[in-house]
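Now for the letters of each chain:
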Amino acid sequence: MRITDTSDLWWKTAVVYCLDVETFLDDNGDGVGDFAGLARRIDYLADLGITCLWLMPFSPSPDRDDGYDVTDFYGVDPRLGTHGDFVEVMRTARDRGIRVIVDLVVNHTSDRHPWFLEARKSVDNPYRDYYVWSKTKPKNDAPTVFPGEESSMWELDEKTGEYFLHSFYRHQPDVNIANPKVRNEIAKAIGFWLQMGVSGFRVDAVPFLIEAPKDTEIGDPHEFLRDIRRFLQRRSSEAVLLGEVNLPYRQQFDYFGGAAGSELTMQFDFIGMQSLYLSLARRDPTALIRALRQRPEIAPESQWANFVRNHDELTLDKLTEKQRNEVFEAFAPDESQRIYGRGITRRVPPMLEGDPRRIRMVYSLLFSLPGTPVLFYGEEIGMGENADIPGRSSVRTPMQWDATPTGGFSSARSSRLVAQPPGDGYAPEHVNVVAQRDDPDSLLQHVQRLIARYRASAEIGWGEFEVLEHDQKAVLAHSMRSDIGRFVALHNFAERPMNVQLRLDDEAEDANLVDLLGPERMPLDGGHVSVELGAYGYRWFRVSRPGDGRLG
Ligand code: GLC
């Protein structure tokens, strides 16, 4: 064993898969997915090659925000199963080498949480200070995160005549993290789920969570995050915090805990994701390259989480208005495909007009850009959204397992399903696991191959990122270099096939480029090599040096 055994830092080379138990597989035929169903599909996920499962909220909830409105931090929503069913999933996943992380939604509770029911009884209720109150409506009021759905962050509580803060929906009052009791409650919930075997948390809405409530003095808000991280690590050395922080890189650096890496272990790269879409729209990788180069240098234990789609709107809020409109025009030409003036409600394949070359190129990028890839369920088979479902829910339809009308998700009558699958060209009849499992040319098998090659190329998670020189503006050529070797990838953002004259001047005369997705092996002739790229083509290589002991 080496003291610096990098496999301890499992998240640096993980493949994360996000799903909502409610929409994955229904075992008891009531139209709602459940833990028993998920347990039956762990082998599918293991075959796909994922190493970490992120479970979206599954706690008891009135479900007015897809479970992000929690009434009991320790419970399991009875529609989804019991703690026993949860443990079965944990055990099965562990057995197949899959870690599980869960959503930690503690910026707010549901307004039906027992704390809030107590808090609103009277101004001197012991739970009053669990939330943030104001006697008058604060002047700096603004619409919430959901413009068009909420016009104010402050809601009048009729009974006590005071206003409570809600950064999101009015039925989601923000908790008061200035209250030490609330901080202890959060730690206790973290401790509980760690004891249940989870390997960490996807932390919801982090900037809102640590913000100092109005008129309170909490000192450095990042101290709270450092506290949580210390507590987490005391309880479980392998546990991670994967934070949702949609802020400019400079601020994200602070949420990592700077160069010390003492706060969030991982963060989604929202800037990189938005720049990727701008690059796709322009058929020019420049915007993406700029973003990747601007990423601050983070601690070796910290990591970026890359994604091309998640369960929310595809937000474009960090682009300029002009850039956002370019992406809107390219990928959401119809006003009904947009939301909150900043995002898109579609999944990747419909945005790319179903062009398989482009869709594959996007997933090739997801698995080869520096960082850890995160998949949203159904992406591996190219699921589309159900455009008849308004808002963010359009992409939260049931997983499509087979060609039957309910996609094999449930034996319940179609009208009882928790959500309706799309009825258009993306209906289960056209897009499903069973058909793609047997088809070597399917997207599913493509993603499976990418995952296998990614997992054999630890440089992608660990290496030093470099943009390589060449002569084609529409191509991103990059390498990831670490002490185990060098990974090279090329991506053609244009529809035109081309030949790229790539320069790898610093490689030895006798090195080769070994094709990781095909059979080719090319000598690096004095550091120069000519690479063929198809329309929206992509290539992955490893620089192989004689005697480096790798299999290729
Ligand atoms: C996060 C979640 C989103 C939810 C919100 C409020 O942004 O991703 O789905 O609505 O937090 O909890």
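That block above? That's the structure.
Described below are features of the structure shown in this document. One numbering rule holds for all chains: residues counted from 1, following each sequence as written. Per-residue local features of the predicted model are confined to residues with pLDDT of at least 70, and side-chain atom pairs are confined, for both listing and counting, to 80 or more; whole-chain, interface and lining totals are unaffected and use all residues. As a convention, hydrogens and water are excluded, and side-chain values are obtained from all of the structure's heavy atoms.

## Notes on the environment of Asp129
- Counting through the fold element by element, Asp129 comes out in the loop between helix H4 (114-119) and strand E4 (133-134).
- When the C-alpha positions of Asp129 and Val175 are compared, they lie 8.4 Å apart, and in sequence the two are 46 residues distant. Secondary structure counts use DSSP, requiring at least four H or I residues in a row for a helix and at least two E residues in a row for a strand, with both numbered from the N terminus.

## Quick word on the pairing of strand E7 (residues 200-203)
- The cut-offs for exposure are 20% and 50% of the maximum accessible area for each residue type, with area from a 1.4 Å probe on protein chains only; residues under the lower value are buried, those over the upper are exposed, and the others partly exposed. The alternating pattern of E7 places Gly200 and Arg202 on one face and Phe201 and Val203 on the opposite face, and all of these are buried.
- By the bridge criterion, three bridges tie strand E3 (residues 99-104) to E7 in an arrangement that is parallel. The residue of E7 that forms the bridge with Leu104 is Val203.
- What makes two strands pair is DSSP finding at least two bridges between them. One ladder, built from four bridges, connects E7 with strand E8 (residues 240-243); its direction is parallel. Bridging across to E8, Gly200 finds its partner in Val240.

## Examining the sheet that holds strand E17 (residues 485-492)
- Spatially, six strands are ordered E15-E16-E17-E22-E19-E20 in an open sheet, and the strand pairing comes out antiparallel. Of all strands in the sheet, those with a lone pairing partner are strand E15 (464-467) and strand E20 (521-523), marking the two edges. The average angle at which neighbouring strand axes cross in this sheet is 25°, direction not considered.
- Pairing analysis gives three bridges linking strand E19 (residues 512-515) to E20, with the strands arranged antiparallel. Paired with Leu513 across the strands is Met522, a residue of E20. Axes here mean lines fitted to C-alpha atoms, for a helix over just the part in contact, with angles spanning 0 to 180 degrees between N-to-C directions.

## Describing the sheet that holds E4
- Within the open sheet, the three strands sit side by side as E4-E6-E5. Their pairing is antiparallel. Since the sheet does not close on itself, it has two edges, and those belong to E4 and strand E5 (154-157), each with one partner.
- In this structure, E4 lies alongside strand E6 (residues 162-165), joined through two bridges in antiparallel fashion. Across the sheet, the residue bridging to Trp133 is Phe164, located in E6.

## So, the site of the ligand
- It suffices for a single heavy atom of a residue to lie within 4 Å of a molecule or strand for the residue to be listed as near it. Lining the immediate environment of the ligand, one finds Asp65, Tyr68, His108, Phe146, Phe168, Arg202, Asp204, Glu244, His311, Asp312, Arg392 and Arg396.
- What qualifies as a polar contact is a pair of N or O atoms within 3.5 Å, subject to a donor-acceptor requirement within protein and to the restriction that residues adjacent in sequence count only when both atoms come from side chains. Asp65 is positioned with one of its side-chain polar atoms (N or O) 2.7 Å from an oxygen atom of the ligand.
- One of the side-chain N or O atoms of Arg392 is found 3.0 Å from an oxygen atom in the ligand.
- Accessibility throughout is a Shrake-Rupley quantity obtained with a 1.4 Å probe, and a residue counts as covered only by protein chains that appear here. Relative to its unbound accessible area of 310 Å², the ligand is 96% covered by the protein chains.
- Residues of the shell around the ligand, tallied by class, amount to three nonpolar, two polar and seven charged. Each residue is assigned to one of three groups, with Ala, Val, Leu, Ile, Met, Phe, Trp, Tyr, Cys and Pro labelled nonpolar, Asp, Glu, Lys and Arg labelled charged, and all others, Gly among them, labelled polar.

## Things to note about the packing of aromatic side chains
- Ring pairs are drawn from Phe, Tyr and Trp, using the six-membered ring of Trp, whenever the two centres fall within 6.5 Å, and their geometry is named by plane angle: stacked under 30 degrees, edge-to-face over 60, tilted for the rest. Applying the stated criterion to the full structure yields 33 aromatic pairs.
- Ring centres 5.6 Å apart and planes at 40° place the aromatic pair Trp54 and Phe268 in the tilted group. In this pair, Trp54 is assigned in strand E2 (residues 52-55) and Phe268 in strand E9 (residues 266-268), connecting sequence segments 214 residues apart. The same class applies to Trp54 as to Phe268, namely buried.
- With 5.0 Å between their ring centres and 70° between their planes, Phe116 and Phe164 make a pair best called edge-to-face. Taken together, the residues span a long stretch of sequence, with Phe116 in helix H4 and Phe164 in strand E6 at a distance of 48 residues.
- Assessed through its relative accessible area of 2%, Phe164 is described here as buried.
- Put simply, the rings of Tyr17, Phe24, Tyr44, Phe376, Tyr377 and Trp401 touch in pairs and so form one group of aromatic residues.

## Remarks on empty space enclosed by the protein
- Two kinds of site are reported from a 1 Å grid over the protein atoms alone, namely cavities, where a 1.4 Å probe fits but cannot get out, and pockets, open sets with protein on both sides within 12 Å along at least five of seven lines, and residues are called lining when an atom falls within 4 Å of a point. Grid points are joined across faces, edges and corners, and a volume is the space filled by probe spheres set on the points. The full count for this structure, using the stated rule, is five cavities of 30 Å³ or more.
- Of the voids in this model, the largest cavity is the one considered here, and its volume is about 150 Å³.
- If you trace the largest cavity, you find 13 residues lining it, with Ser59, Phe73, Asp103, Leu104 and Trp193 closest to the centre.
- Among the secondary structure elements, those contributing two or more residues to the lining of the largest cavity are E3 and helix H5 (180-195).

## Looking at the nonpolar core
- Residues grouped as a nonpolar core are buried Ala, Val, Leu, Ile, Met, Phe, Trp, Tyr and Cys residues, joined through side-chain atoms within 4.5 Å. Within the largest apolar cluster, 139 residues are counted, with the highest numbers of intra-cluster contacts made by Tyr17, Leu38, Leu45, Leu53, Leu55 and Phe201.
- Any pair of residues with heavy atoms lying within 4.5 Å of one another is described as a contacting pair. Setting aside residues no more than four positions away along its own chain, Leu45 makes contact with Tyr17, Leu19, Phe24, Leu38, Ile50, Leu53 and Ile98.
- Ranked by size, the runner-up nonpolar core spans 20 residues in total, among them Ala477, Leu502, Leu504 and Val543.

## Quick notes on helix H3 (residues 83-95)
- Expected span of a helix, by definition, is 1.5 Å for each gap between consecutive residues, and there is one gap fewer than residues. Helix length check: H3 (13 residues) gives 18 Å between terminal C-alpha atoms against 18 Å at 1.5 Å per residue, within 8%.
- Those residues of H3 not exposed but buried are Phe86, Val89, Met90, Thr92 and Ala93.
- Looking at the buried side of H3, the elements it contacts are helix H1 (35-40), helix H2 (42-48), E2, E3 and H5.
- Of the residues trailing H3, Gly97 is marked for its positive phi of about 75°.

## Looking at the packing of helix H9 (residues 270-282) against helix H10 (residues 286-294)
- Between H9 and H10, whose axes approach to 7 Å, the crossing angle comes to 165°. Of the possible angle classes, the one that applies to H9 and H10 is roughly antiparallel. For the crossing formed where H9 meets H10, the hand is left-handed. Contacts from Ile271, Gly272, Ser275, Leu276, Leu278 and Ser279 in H9 reach Thr286, Ala287, Leu288 and Ala291 in H10.
- For the contact of H9 with H10, the class distribution of residues is six nonpolar, four polar and no charged. By definition in this entry, angles of less than 35 degrees are roughly parallel, angles greater than 145 are roughly antiparallel, angles of 65 to 115 are roughly perpendicular, and the rest are oblique. Helix crossings get a hand from a simple test, with the near helix turned counterclockwise from the far one by less than a right angle marking a left-handed crossing and a clockwise turn marking a right-handed one.

## Notes on the pattern of salt bridges
- By definition here, a salt bridge exists when the distance from a side-chain nitrogen of Lys or Arg to a carboxyl oxygen of Asp or Glu is within 4 Å. As enumerated under the stated definition, the model contains 47 salt bridges in all.
- When salt bridges with common partners are traced through the structure, they connect Asp220, Glu223, Arg226, Asp227, Arg230 and Glu263 into a single cluster.

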